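An overview of the molecular structure
Single-letter residue listing:
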Amino acid sequence: MNLAENIKYVGVNDHKVDLFEGQYRVPNGMSYNSYVILDQKIAVMDTVDRNFTHEWLDNLGKALSGRKPDYLVVQHMEPDHSANIAVFLKTYPEATVVASAKAFAMMKAFFGTDYAERRMVVAEGDKLSLGVHELNFVGAP
């Protein structure tokens, strides 16, 4: 689904879940949001829940149309956003992970690695140019 020119939704819908965060009823299910910004450089924004790895990778592959992503931007570490970091990096071995220092510390605790050889640490006020698009990072603890 195109959200804007060169920005595509590649997330998935989960119609089986009945509680969000284990406590809030979601009678219509929920979506695991992930987006691709296609520019001179390509950024993938977040991954999805581990139960939807293959569907997400299929959506991502279609959106990329043979191109390779440059960045995976991890906005926060809840599993519905971060469960497929390792799968993404295995699938796209030249991509760089972009996240906060705190997120990389959590990756180390959760996954046993902080991807030191493939990471870009960003903080409040940092910017990342993709070409026409520019990402501006805002801390929101």
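The preceding data block contains the structure.
Residues numbered from 1 in each chain as written. Predicted model: local features only at pLDDT ≥ 70, side-chain atom pairs only at ≥ 80, totals over all residues. Heavy atoms only, no water.

1. Comments concerning the overall build of the protein
The cut-off we apply is this: Strands here are runs of E lasting at least two residues and helices are runs of H or I lasting at least four, both read from the DSSP assignment and numbered beginning at the N terminus. Burial status follows relative accessibility: with a 1.4 Å probe on protein chains alone, a residue under 20% of its type maximum counts as buried, one over 50% as exposed, and anything between as partly exposed. Residue burial considers only the protein chains on display, and all accessible areas are found by Shrake-Rupley using a 1.4 Å probe.
Counting its regular elements, the protein contains 4 helices and 13 strands. Considered along the principal axes of its C-alpha atoms, the protein spans approximately 40 × 35 × 30 Å. Expressed as a percentage of its 141 residues, the buried residues of the protein come to 40%. Working note: accessible area of the protein is about 8300 Å², and carbon and sulfur atoms make up 51% of it.

2. Considerations on the sheet that holds strand E8 (residues 42-45)
For the record, the criterion: Only when DSSP finds a minimum of two bridges between them are two strands counted as paired. Note on geometry: axes are C-alpha line fits, over the in-contact stretch for helices, and angles between N-to-C directions span 0 to 180 degrees. Working rule for contacts: check all heavy atoms of both residues, and any pair within 4.5 Å makes them a contact.
Spatial ordering of the open sheet is given by E1-E2-E7-E8-E9-E10-E11, a layout of 7 strands whose pairing is mixed. With one partner strand each, in any of the chains shown, strand E1 (2-4) and strand E11 (119-121) form the two edges of the open sheet. Geometrically, the sheet is characterised by an average inter-axis angle of 25° between neighbouring strands, direction not taken into account. Contacts from helix H1 (residues 53-64) reach strand E2 (7-9), strand E7 (35-38) and E8, with the element oriented near 15° to E7. Of the strands in this sheet, strand E10 (96-99) and E11 touch helix H4 (residues 101-111), which is tilted by about 120° from E10.

3. Observations concerning H1
Which entries qualify depends on this criterion: An expected span of 1.5 Å times one less than the residue number is assigned to each helix.
With 12 residues, H1 should cover 16 Å at 1.5 Å per step; its first-to-last C-alpha distance of 16 Å lies within 8% of that length. Residues of H1 that are buried in the fold lie against E2, strand E3 (12-14), E7, E8 and helix H3 (85-91). Ser 65 lies just past H1 and shows a positive phi near 50°.

4. Overview of the packing of aromatic side chains
The cut-off we apply is this: Each Phe, Tyr or Trp ring (for Trp, its six-membered ring) is paired with any other whose centre lies within 6.5 Å, and the angle between the two planes then decides the class: stacked below 30 degrees, edge-to-face above 60, tilted in between. The criterion is that NZ of a Lys, or CZ of an Arg, lies within 6 Å of the ring centre and within 35 degrees of the ring normal, and then a charge sits over that ring.
All chains considered together, the criterion is met by 5 aromatic pairs. Measuring from centroid to centroid gives 5.2 Å for Phe 88 and Tyr 92, while their planes differ by 45°, and the two rings are tilted. Owing to a relative accessible area of 0%, Phe 88 belongs among the buried residues under this scheme. A cation sits over an aromatic face here: Arg 119 above Phe 104, 5.3 Å from the ring centre.

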